[in-house]
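Below are the chains, spelled out letter by letter.
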Amino acid sequence: MIGTILQGLWQQFAPQVGQFVNSPALPQLVRILQRLPLSIYIRGADELSASVSGWYDSLTPEDKKRLQDATAYVIKDLSGDVLDAVTGLPIGSFVVEQVLAYLGHDKNAPEQEKAFIRYELSRQLKV
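Residues numbered from 1 in each chain as written. Predicted model: local features only at pLDDT ≥ 70, side-chain atom pairs only at ≥ 80, totals over all residues. Heavy atoms only, no water.

(A) View of the overall build of the protein. Each helix and strand in the protein was counted, giving 6 helices and 0 strands. From first element to last, N terminus to C terminus, the protein shows the α and β order α-α-α-α-α-α. For the protein, the residues scored as buried account for 9% of the 127 residues in total. Counting contacts in the protein only where the partners sit at least 6 residues apart, residues at least 24 apart contribute 51% of the total. Of the accessible surface of the protein, which amounts to about 10100 Å², a share of 64% is contributed by carbon and sulfur atoms. (Helix = DSSP H or I, 4+ residues; strand = E, 2+ residues; numbered from the N terminus. Buried < 20%, exposed > 50% of the residue type's maximum accessible area, 1.4 Å probe, protein only. Contact = heavy atoms within 4.5 Å. Areas by Shrake-Rupley, 256 points an atom, 1.4 Å probe, with all protein chains shown as cover.)

Given below as structure tokens:
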């Protein structure tokens, strides 16, 4: 699900990103960033880390738990999307027939039942 959202966002912003990458502004930005001393990057990373740690410490235990649950959900959802994209394993008719046989149902079950099995297997793989 999150992969679908990210794909939609990419489709929305890809033209602007492509335009920026192909413009003379990107090499100028890279040259400016290369001229900055390493200490600025280190200090920025330290300040960002301290800021995030301070914000996290200021959360209530309930909010911390919600944030941890949300993070776990995002990781599970993205891993399901990545699994689908990498393996390309749609829930095919062979798998559905095996589930129907395991449940003791006829292979010629109604299409609604087969669609439900596909949906449930996909959902459980992603969660």
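(B) Main features of the pattern of salt bridges. The tally for this structure, following the rule as stated, stands at 2 salt bridges. Between Arg66 and Asp63 there is a salt bridge, with the nearest N and O atoms lying 2.9 Å from each other. With Arg66 and Asp63 both in helix 4 (residues 61–87), this residue pair falls 3 residues apart, about one helical turn. With relative accessibility at 29%, the residue Asp63 sits in the partly exposed group. A salt bridge links Asp69 to Lys65; the nearest nitrogen and oxygen atoms lie 3.1 Å apart. Of this pair, Asp69 and Lys65 both sit in helix 4, 4 residues apart, which is roughly one turn of that helix. On the basis of relative accessibility, which here comes to 47%, the residue Lys65 falls in the partly exposed class. (Salt bridge = Lys/Arg side-chain N within 4 Å of Asp/Glu carboxyl O.)

(C) Structural view of the environment of Leu26. Tracing the chain through its elements places Leu26 in helix 2 (residues 25–35). On the basis of relative accessible area, Leu26 is assigned to the partly exposed category, the value being 25%. Beyond its immediate chain neighbours, meaning those up to four positions away, Leu26 contacts Phe20 and Val21.

(D) Structural context of the confidence of the model for the protein. Chain-level statistics for the protein give a pLDDT mean of 82 and a share of 83% at 70 or above. At the level of individual helices and strands, the protein shows its lowest average pLDDT in helix 5 (residues 93–103), which scores 77, and its highest in helix 3 (residues 38–57), which scores 94. (pLDDT = per-residue confidence, 0-100.)

(E) Looking closely at the side chain of Lys114. Note on placement: Lys114 falls in helix 6 (residues 111–126). Glu111 provides the closest opposite charge to the buried, salt-bridge-free Lys114, at an N-O distance of 4.5 Å. The contact partners of Lys114, leaving out residues within four places of it in the chain, are Val96, Leu100, Lys107 and Ala109. (Lys, Arg positive; Asp, Glu negative; His and termini not counted.)

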